Amino acid sequence: MSMCDGRVGCIGQCQSGLHLGRDPRFPTMARARGRRPFQPVLYLAMGWIAMWIMDLRFVVQMILKSAQAELPELWVRPQAAVPPTCRALHGAPVPDLRAYKRDAAGVHVQTTQACEDVRMLRSLGLVIFSCDPGRRVWNTLLGPVAQPEFRGALWTLPYGGADDDGEPTLLPIEHYPDAWDFHPLGVHAWEESEDRARLFVVNHREVATTIEVLDLARAADGAWRASYVRTLQHPLGTHAANSVAPLGRNAFLVTNTHITTRRAPPASQLHATLAGVYRAGVLAPLAANEWYAALQHVEDVVGTGFVSYVAFNDTPPAAEARHDAHPERHIETLGTEVHAHVVIHGLSFANGIGIAPNQRHVVVASTARAGVYYYSVAKRTVDGQPDWYAPGVLQHRMFVSLPFLPDNVDVVPPAAGAVPEPDDPFEGWSVITAGHPSALDLDQVVRAPDTEAHAAAPSWVAEITVTSERLPHPPVPPLAENKRMPAPPAGWLVGTLVQSNGSWISSSSGAAWDRSVRRGGTLAVTGLYGAAPLLCRGVFG
């Protein structure tokens with residue numbers, strides 16, 4: 001083959017030296033372009049399909065193959081000096097007539113089991129857990145949807161102080177109506193001071209999914225208490241809500257996993273959701289069919305999940321203030337005084353969400369794609385703030401694959417003195433995510449009887465960072481990341497923080513990390529069906 005073999009750098013040389021364009025056997029570039037106007041698009045499409053197939057190969061492995069035998073009982077990223085120490089968190093059972101679990105005496109009690117999400121409120125020195133042991137009989141995503149009458153609870157744990165050996169305590173929620181069900185999933189907070197924060201809690205209720213707004217405050221005796229503010233419901237904001245990223249006291253971004261769920265929402269809401277997100281309100285009657293929930297699996301392939309911007313005020317409508325005893329009538333009134341619109345759509349099982357502290361970038365976990373999407377804020381107001389009302393406010397930047405099916409994500413501050421890389425969109429802050437190495441193992445836990453004490457699914461927690469040659473790579477875990485995922489984009493690194501075959505932490509779904517020396521390098525991990533959250537100390541980097 002000659003030096004002019006079709007490479008872009010040789011085009012000019014070939015045309016002038018060999019005069020290929022004058023030979024009828026070799027059409028000119030203009031004629032070639034005229035014959036194949038869609039060639040660039042075709043190449044792009046072929047490249048996208050090739051990458052999708054490569055990702056799919058790993059995703060299929062995560063869905064169909066067990067990972068328990070390949071993972072250790074517990075591996076936590078080693079440290080240079082002292083090894084990390086870990087322990088399970090078992091809060092003292094609290095009697096509650098609406099709780100799912102019973103103690104040895106047969107009394108219904110709240111426990112720190114099946115905690116789906118965890119957040120570290122760093123300015124408050126507080127960890128908050130979102131737990132619902134009744135998930136075994138009420139799960140609107142994985143099923144079953146049999147007994148919604150039980151309640152879950154929120155738990156808190158101070159960290160980084162003298163009481164680091166303490167256990168979580170139940171968080172009282174004042175003024176929340178006793179008649180309402182409470183199935184907490186994603187939880188997040190807007191921190192206002194060392195003593196106050198606003199909480200946003202996704203609640204998978206019997207009638208529809210809502211978001212509960214609570215104000216968290218430290219009382220005079222040092223105890224933490226939450227006060228109910230209001231309930232938010234909107235067909236474009238809370239339809240199938242999963243995870244929340246606060247933007248302030250009265251605004252947030254929220255992921256919605258699917259259009260269909262195991263528990264069909266009110267017909268009017270479904271119509272409004274389909275019409276508002278995909279202009280397909282005509283499909284709403286599908287909710288009346290028994291096979292409605294089966295469409296979830298189709299959606300995981302097609303990608304119908306979305307992210308919404310939600311804004312509201314603290315004054316609830318009159319019907320909400322009266323705590324209407326009829327849940328269906330109550331739900332229909334909650335959309336008032338709440339604004340919501342879609343800012344990202346077309347996601348396969350949209351799950352965890354995080355936002356950079358400067359509000360310039362957003363990261364969203366796609367469980368069905370086994371990775372996270374990074375978006376940049378492309379539209380701003382005159383004062384430099386994100387213009388969440390502008391069309392196209394978020395633009396896709398890149399996709400980073402993971403060695404597991406990700407659940408929740410968290411944005412973690414850098415180590416003291418760390419210098420961020422020039423191209424780091426999070427300016428030194430890293431993204432951590434917890435997830436499921438095997439959907440097969442997780443499904444066996446979901447289907448196992450509640451009395452089966454040994455049912456456990458493996459866990460994996462990873463950190464995503466921008467890296468360079470000058471930075472050391474983290475230690476390789478027992479099951480190396482590159483055996484379970486394609487290579488990340490150039491300049492990016494996926495490093496493992498925790499691996500477990502389920503012995504120490506089962507079905508990991510959330511992780512929060514404070515690597516500061518002041519807070520003791522504290523790492524907390526929760527499990528969707530886990531017997532107890534995991535707390536590790538001495539994890540600094």
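Residues numbered from 1 in each chain as written. Predicted model: local features only at pLDDT ≥ 70, side-chain atom pairs only at ≥ 80, totals over all residues. Heavy atoms only, no water.

Engineer: I'm lost on the overall build of the protein chain in this one. Help?
Structural biologist: Within the protein chain, the regular secondary structure consists of eight helices and 29 strands. The buried share among the 541 residues of the protein chain stands at 54%. Sequence-distant contacts, at least 24 apart, represent 67% of the contacts inside the protein chain between residues at least 6 apart. For the protein chain, the accessible area works out to roughly 23,600 Å², and carbon and sulfur atoms hold 59% of it. (Helix = DSSP H or I, 4+ residues; strand = E, 2+ residues; numbered from the N terminus. Buried < 20%, exposed > 50% of the residue type's maximum accessible area, 1.4 Å probe, protein only. Contact = heavy atoms within 4.5 Å. Areas by Shrake-Rupley, 256 points an atom, 1.4 Å probe, with all protein chains shown as cover.)

Engineer: Explain the pattern of salt bridges here, please?
Structural biologist: Oppositely charged side chains can form a pair if their charged atoms are brought close together. Taken as a whole, this structure holds 16 salt bridges when the rule is applied. Residue E463 pairs with R515 through a salt bridge whose shortest N-O separation is 3.2 Å. Placement of the pair is E463 in strand 25 (residues 459-466) and R515 in the loop between strand 27 (508-514) and strand 28 (522-527), with a sequence separation of 52 residues. Its relative accessible area of 7% is what places E463 among the buried residues. If you follow the salt bridges from partner to partner, you end up with E192, R198, D215, R249 and D314 in one network. (Salt bridge = Lys/Arg side-chain N within 4 Å of Asp/Glu carboxyl O.)

Engineer: Would you take a moment to explain the packing of aromatic side chains for this structure?
Structural biologist: Here a ring pair, both rings aromatic, is described through the centre-centre distance and the interplanar angle of the planes. One pass over the full model with this rule turns up 15 aromatic pairs. Residues Y309 and W388 carry aromatic rings whose centres are separated by 6.1 Å and whose planes lie at 10° to one another, so their mutual orientation is stacked. Of this pair, Y309 sits in strand 17 (residues 305-312) while W388 sits in the loop between strand 21 (371-377) and strand 22 (394-401), and the two are 79 residues apart along the sequence. With respect to burial, Y309 and W388 carry one shared label: buried. Residue class for Y309 comes out buried when judged on its relative accessible area of 7%. (Phe/Tyr/Trp six-rings, centres within 6.5 Å; stacked < 30°, edge-to-face > 60°.)

Engineer: Before we go on, may I ask you to explain the sheet that holds strand 1 (residues 75-76) in this structure?
Structural biologist: In a beta sheet, neighbouring strands are held together by backbone hydrogen bonds and run either parallel or antiparallel to one another. Pairing in this open sheet of five strands is antiparallel, and the strands run 1-26-25-24-23 from one edge to the other. The strands lining the two open edges of the sheet, one partner per strand, are strand 1 and strand 23 (405-412). As defined by bridge partners, strand 23 adjoins strand 24 (residues 430-436) across six bridges and the pair is classed as antiparallel. Paired with L405 across the two strands is H436, which belongs to strand 24. (Pairing = 2+ DSSP bridges.)

Engineer: For this particular structure, what's the right way to read the environment of R447?
Structural biologist: Mapping R447 onto the fold places it in helix 8 (residues 439-447). The spatial distance from the C-alpha of R447 to the C-alpha of P144 is 9.0 Å, given a sequence separation of 303 residues.

Engineer: Before we go on, may I ask you to explain the sheet that holds strand 18 (residues 338-347) in this structure?
Structural biologist: Across the sheet, four strands lie side by side as 15-16-17-18; this open sheet has antiparallel pairing. Two strands lie at the open edges of the sheet, namely strand 15 (241-248) and strand 18, each paired on one side alone. For this sheet the average axis-to-axis angle between neighbouring strands, irrespective of direction, equals 20°. (Axes fitted to C-alpha atoms, helices over the stretch in contact; angles between N-to-C directions.)

Engineer: Even after reading the chapter, I still don't get a nonpolar patch on the surface, so can you show me in this structure?
Structural biologist: A surface patch of nonpolar side chains, about 330 Å² in accessible area, is lined by L56, V60, I63 and L64. Inspection of the secondary structure puts V60 in helix 3 (residues 39-64). Residue classification places V60 among the partly exposed residues on the basis of a relative accessible area of 36%. (Patch = residues over 30% accessible without salt bridge, like charges linked within 9 Å, V, L, I, M, F, W, Y side chains within 5 Å.)

Engineer: Looking at this model, I keep getting lost on the state of the cysteines. Mind explaining?
Structural biologist: In protein structure, a disulfide is the covalent linkage between the sulfur atoms of two cysteines. Evaluation of the coordinates by the stated rule reveals two disulfides. Here C86 pairs with C536 through a disulfide, and the sulfurs are 2.1 Å apart. Disulfide C86-C536: torsion about the S-S bond near 105°, hence right-handed. Taken together, the residues span a long stretch of sequence, with C86 in strand 2 (residues 85-88) and C536 in strand 29 (residues 534-537) at a distance of 450 residues. Bridging C115 to C131, the disulfide has an S-S length of 2.0 Å. (Disulfide = S-S within 2.5 Å.)

Engineer: Which parts of the structure should I look at to understand the confidence of the model for the protein chain?
Structural biologist: The predicted coordinates of low-pLDDT regions are not to be read in fine detail. Predicted confidence across the protein chain gives a mean pLDDT of 85, with 82% of residues reaching 70 or more. In the model, residues 321-330 has pLDDT below 50 throughout and makes 14 contacts with residues more than four positions away in sequence or in other chains. (pLDDT = per-residue confidence, 0-100.)

Engineer: I'm lost on the environment of L493 in this one. Help?
Structural biologist: Note on placement: L493 falls in strand 26 (residues 492-500). Residues L493 and V400, spaced 93 residues apart in sequence, show a C-alpha to C-alpha distance of 9.1 Å.

Engineer: Just to check I follow, could you spell out the nonpolar core for this structure?
Structural biologist: Generally speaking, a soluble globular protein has its nonpolar side chains buried in company with each other. Counting residues in each nonpolar core, the largest one holds 23 residues, and the members touching the most others are V372, Y374, V400 and I464. Elements supplying a minimum of two residues to this core: strand 20 (361-366), strand 21, strand 22, strand 23, strand 25 and strand 26. Examining the composition of this core, we find that four residues originate from one element, strand 25, more than from any other. If sequence neighbours within four positions are ignored, V400 has contacts with G371, V372, Y374, I464, P488, P489, W492 and V494. Core analysis: the next-biggest nonpolar cluster, separate from the first, contains 22 residues, V343, L347, Y373 and Y375 among them. (Core = buried A, V, L, I, M, F, W, Y, C linked by side-chain atoms within 4.5 Å.)

Engineer: Explanation requested: the side chain of S509 in the structure shown.
Structural biologist: You can see S509 is positioned in strand 27. What makes S509 buried here is its relative accessible area of 0%. Not counting residues up to four positions away in its chain, the partners in contact with S509 are C115, E116, D407, N408, A434, H436, T526, G527 and L528.

Engineer: Would you mind showing me how to read the pairing of strand 28 here?
Structural biologist: Looking along a regular strand, one sees side chains alternate from face to face of the sheet. Burial runs high along strand 28: six of the six residues are buried. On strand 28, burial covers both faces: T522, A524 and T526 on one face and L523, V525 and G527 on the other are all buried. Pairing of strand 27 with strand 28, which is carried by six bridges, proceeds in the antiparallel orientation. Bridging from a neighbouring strand, G510 pairs with T526 of strand 28. Summarising the sheet, strand 28 and strand 29 pair through three bridges and their orientation is antiparallel. By the bridge assignment, L523 is partnered in strand 29 with C536. Counting the residues in the hairpin turn of strand 28 and strand 29 gives six residues.

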